[in-house]
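As a plain string of letters, each chain reads:
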There are 2 protein chains.
Amino acid sequence: MSKTIDVCLSPELLHLYSFGEKLVVVVDILRATSCMTAGIANGVESITPKANLEECRALKSEGYIIAGERNGEKVEDFDLGNSPFGYMNEDLKGKKVAVTTTNGTVAINKSRNAKEVIIGSFLNLSAVADHCKNSPHNVLILCAGWKGRVNMEDSLFAGALVEALSDTHESACDPPLMTAKMYEAAKHDLIGFVEKSSHVNRLKRIGIGKDIEFCLSIDKYSEIPVLKGEKLIKL
Amino acid sequence: MSKTIDVCLSPELLHLYSFGEKLVVVVDILRATSCMTAGIANGVESITPKANLEECRALKSEGYIIAGERNGEKVEDFDLGNSPFGYMNEDLKGKKVAVTTTNGTVAINKSRNAKEVIIGSFLNLSAVADHCKNSPHNVLILCAGWKGRVNMEDSLFAGALVEALSDTHESACDPPLMTAKMYEAAKHDLIGFVEKSSHVNRLKRIGIGKDIEFCLSIDKYSEIPVLKGEKLIKL
């Protein structure tokens, strides 16, 4: 195995990792990167991550669909919230979306200087794994977490991807081994385990249980969003 | 369950946690907090964590035994390195030790403002669990990690303590659930799992395999070091 895989469990730890020469897989399972995967798979032309609500609003007059949530809830004057089902609307095909979310867009913006930045989710797990196998670069999975804290669902995805790459990529540090062990123990009842998570309970309180189940579905899509300049487009 | 338990996986994330009212359990399994546990259990009067080598050296003339490692290896002019076996020397009974280590002392110094700071290791796991049960305070386990990164052995200890407190303490966030799941999956072959870790391989290269086995032994001691002012003493 000549390639390595590493896992950064929170954007707050990213300064400890060198990633300029790496393929970075950004993951925010609930729900930013699941939405991005669903959107690109459903024909959205591009998704532009923005740091805040104002930057999104500014793009509205340029014909962008604007999407955003804060603390899990849709921003009132925005077109879309942060539900993958919102991204499946036929009207979005060929459209440009500008999005800001609590954690996911922060992670994407922090990893811009990587060799390549792609978007991972359970929805496109196998496609992401295949792309990593075919890439010449070492892989760093960047978990978006929750306001800087380590979270369960992003770590589980990291473990799933480490497991999928176990024949081709060597663990560079402990977090790949740790997340793979956790995923191995949890994968037979992923929803049951994730339902214990604090963020999931936060989301359930705002009534989006079906989003959670969807975001934990494996390999619904084979498309991968990739960052080109400011935009995520189909790889 | 009226008390909570949380896990901070790296001192670099501690700013995200409020711990002023908490009982903080600092853990650096390989090897700082294992040494501290062994030392206090073997009759060392006090262990004073110091930020750097110079601060330790300054205490030598005041009669302190000075202990320190950098990158796992004993500092040449120091009395002790970072092996728990070094702390079992009969000559250390009743003595004061000043210590600096790569990760453990950093974690202790960062958590000073907690309600109470105690030292945890597999060596005193059940004693620490009992103290948490008897304490009125919520618990935060602070993993020392490796130069800011999350590591396996400290996270496993966190999971072990969460499991031991599962009847009395509710998880405050995801990391307690994550580390408990990992510990549950790994505990039947703890040494086999930890041997895959990067830090363990680093330590093995410098020839301290027997330290690792010892540091993963559960409940060798019932003593708990507690921070009083600048010093760790027997609780």
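Residues numbered from 1 in each chain as written. Chains lettered and ligands numbered in written order. Predicted model: local features only at pLDDT ≥ 70, side-chain atom pairs only at ≥ 80, totals over all residues. Heavy atoms only, no water.

**Looking at the pairing of strand E7 (residues 116-120) of chain A**
All names here are of chain A. Rules: For the exposure calls, accessible area comes from a 1.4 Å probe over protein chains only, and a residue counts as buried if that area is under 20% of its type's maximum, exposed if over 50%, partly exposed in between. Only runs of H or I of at least four residues qualify as helices and only runs of E of at least two qualify as strands under DSSP, and these elements are numbered from the N terminus. The criterion for strand pairing is that DSSP finds at least two bridges linking the strands in question.
A large share of E7 lies buried, amounting to five of its five residues. Side chains Glu116, Ile118 and Gly120 project from E7 onto one buried face, and the interleaved Val117 and Ile119 project onto a second face that is buried too. Bridging between strand E2 (residues 23-27) and E7 involves five bridges; their strand directions are parallel. Paired with Leu23 across the two strands is Glu116, which belongs to E7.

**Quick look at the packing of helix H6 (residues 174-186) of chain A against helix H6 (residues 174-186) of chain B**
Going by this rule: Throughout, an axis means a line fitted to C-alpha atoms (over the contacting stretch in the case of helices), and angles, computed between N-to-C directions, take values from 0 to 180 degrees. In what follows, roughly perpendicular refers to angles from 65 to 115 degrees, roughly parallel to angles under 35, roughly antiparallel to angles over 145, and oblique to any angle outside these ranges. Should any heavy atoms of two residues lie within 4.5 Å, those residues are considered in contact. Throughout, the ten residues Ala, Val, Leu, Ile, Met, Phe, Trp, Tyr, Cys and Pro are labelled nonpolar, Asp, Glu, Lys and Arg are labelled charged, and all others, Gly among them, are labelled polar.
With their axes 9 Å apart at the nearest point, H6(A) and H6(B) run at an angle of 80 degrees to one another. The orientation of H6(A) relative to H6(B) falls into the category roughly perpendicular. Between H6(A) and H6(B), the residues in contact are Met178(A), Lys181(A), Met182(A), Ala185(A) and Ala186(A) and Met178(B), Lys181(B), Met182(B), Ala185(B) and Ala186(B), respectively. Considering only residue class, the contact of H6(A) with H6(B) consists of eight nonpolar, no polar and two charged.

**Let's talk about the relation of the copies chain A and chain B**
Formally: In this comparison the copies share one frame, found by least squares on the C-alpha atoms of residues holding pLDDT of at least 70 in both.
For the pair chain A and chain B, the superposition axis carries a translation of 0.0 Å, the fit reaches an RMSD of 0.0 Å, and the rotation angle comes to 180 degrees. Considering both components of the superposition, the chain copies are consistent with a two-fold axis. Distance from the rotation axis, computed per C-alpha, reaches its smallest value in chain A at Met182(A): 2.5 Å. Interface residue correspondence from chain A to chain B reaches 100%, placing this contact among same-surface, isologous pairings.

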